[in-house]
Amino acid sequence: TQLLEQSPQFLSIQEGENLTVYCNSSSVFSSLQWYRQEPGEGPVLLVTVVTGGEVKKLKRLTFQFGDARKDSSLHITAAQPGDTGLYLCAGTFSRGTYKYIFGTGTRLKVLA
Amino acid sequence: NAGVTQTPKFRVLKTGQSMTLLCAQDMNHEYMYWYRQDPGMGLRLIHYSVGEGTTAKGEVPDGYNVSRLKKQNFLLGLESAAPSQTSVYFCASRPLQARGGRAHEQFFGPGTRLTVL
């Protein structure tokens, strides 16, 4: 059974600070997605990474996929209150699959 | 486009009662999913469908049944509800192919909050 572990579980920071959250697996990902979920809503996709070592940037968010494709990180620069939410990673473990395993999530609160 | 809609938004059941959750999508997506979300456990896949008339089990299928008689609808049934099924249920859909780097993007509905007493 593949498991995704996310850390930290909770994070409370001041506006303007930087932060990094992590997603780790004991298995090799075929692809990995990062989602953000706000209270009372469903998750919304931020990014998909598929190539080991890949780095993608989305404004102040930087996503990195580990060289061995077993881990990923999400770095937020100069966090804003609007970044508050639950960050979820999700992965597939074989090419052409359509089943996704989600991590347990990192709940981020950015204080003004 | 309404995207993915879920009915109902809230429901309270007594142990042993049955109910059906309805998911509808208007994006002509092939794949549809049912997840449950519990505190500290992320999203867990209950059942999924890769096309009209097909269904398959996910991680936690016990106590649930599904049907996909029409491409746009995916129904989740609880035949005899138990308190352990108290959760927030999310439906999602995904196209067969995605463009513009949005591969594997699932589109989620707003969720159904179910309480079983």
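Throughout what follows, the structure given in this document is the object of discussion. Note that this is a predicted model, so its numbers are computed, not measured.

## Quick word on the overall build of chain A
When helices and strands are counted, chain A shows 0 helices and 11 strands. Reading chain A from its N end, one meets helices and strands in the order β-β-β-β-β-β-β-β-β-β-β. Against the compact-globule benchmark of 13 Å for 112 residues, chain A has a radius of gyration of 13 Å, which places it among compact chains. Along the first, second and third principal axes, the C-alpha atoms of chain A reach 40 × 30 × 20 Å. A sequence separation of at least 24 residues applies to 54% of the contacts in chain A between residues at least 6 apart. Surface accessibility of chain A: about 5400 Å² in total, with carbon and sulfur atoms responsible for 49%. Charged side chains in chain A number 11 positive and 9 negative. The centres of these two groups are separated by 6 Å.

## Here we look at the state of the cysteines
Residue and element names in this part refer to chain A. Counted under the stated rule, the structure contains 2 disulfides over all chains. Here C23 connects covalently by a disulfide to C89, the sulfurs 2.1 Å from one another. As the torsion about the S-S bond is roughly 75°, the C23-C89 disulfide counts as right-handed. Of this pair, C23 sits in strand β3 (residues 19-25) while C89 sits in strand β9 (residues 85-92); the two residues are 66 residues apart in sequence, bridging distant segments of the chain.

## Quick word on the side chain of S73(A)
All names here are of chain A. As for its position among the elements, S73 is in strand β8 (residues 71-76). Its relative accessible area of 16% is what places S73 among the buried residues. Ignoring sequence-local partners within four residues, the contact set of S73 consists of T20, V21, Y22, W34, T62, F63 and Q64.

## So, the sheet that holds strand β7 (residues 61-65) of chain A
Note on sheets: strands pair through backbone hydrogen bonds, and any given pair is parallel or antiparallel. Residues and elements named next belong to chain A. Here we have 5 strands laid out as an open sheet, ordered β1-β3-β8-β7-β6, and antiparallel in their pairing. Looking at the sheet topology across the chains shown, the edges are occupied by β1 (4-7) and β6 (55-58). Going across the sheet, the axis of each strand differs from the next one's by a mean of 15°, ignoring polarity. By the bridge criterion, 5 bridges tie β7 to β8 in an arrangement that is antiparallel. Its bridge partner being in β8, F63 is matched across the sheet by L74.

## Observations concerning the nonpolar core
Of all hydrophobic cores here, the largest spans 23 residues; its most connected members are L32(A), W34(A), L74(A) and I76(A). Mapped by element, the contributors of at least two residues to this core are β3, β4 (31-37), β5 (44-49), β7, β8, β9 and β11 (106-111) of chain A. Excluding its chain neighbours within four sequence positions, the residues that come into contact with L32(A) are C23(A), V47(A), T48(A), V49(A), F65(A), S72(A), C89(A), A90(A) and G91(A). Counting 18 residues, the second largest nonpolar core, distinct from the first, contains W34(B), F74(B), A81(B) and Y89(B).

Quick notes on the rules
Sequence positions are assigned chain by chain, starting from 1 and proceeding in written order. A letter from A marks each chain and a number from 1 marks each ligand, given out in the order of writing. Confidence filtering applies because this is a predicted model: local features only for residues at pLDDT of at least 70, side-chain atom pairs given and counted only at 80 or more, and all residues used for totals across whole chains, interfaces and linings. As a rule here, side-chain values cover all heavy atoms of the structure and leave hydrogens and water aside. Comment: elements are numbered from the N terminus, with helices defined as DSSP H or I runs of at least four residues and strands as E runs of at least two. Throughout, the radius of gyration refers to the C-alpha atoms, and the reference size of a globule is 2.2 Å times the residue count to the power 0.38. Residue contacts are counted whenever heavy atoms from the two residues lie within 4.5 Å of one another. Areas reported here follow the Shrake-Rupley algorithm with a probe of radius 1.4 Å; residue values treat only the protein chains shown as occluding. Charged residues are defined here as Lys and Arg on the positive side and Asp and Glu on the negative side; His and the ends of the chain fall outside this count. Charge positions come from single atoms, namely NZ of Lys, CZ of Arg, CG of Asp or CD of Glu. Counting rule for disulfides: a pair of cysteine sulfur atoms within 2.5 Å. The cut-offs for exposure are 20% and 50% of the maximum accessible area for each residue type, with area from a 1.4 Å probe on protein chains only; residues under the lower value are buried, those over the upper are exposed, and the others partly exposed. For two strands to pair, DSSP has to find at least two bridges joining them. Angular values range over 0 to 180 degrees, each being the angle between N-to-C directions of two axes fitted as lines to C-alpha atoms, with helices fitted over their stretch in contact. In plain words, nonpolar cores are sets of buried Ala, Val, Leu, Ile, Met, Phe, Trp, Tyr and Cys residues tied together by side-chain atoms within 4.5 Å.

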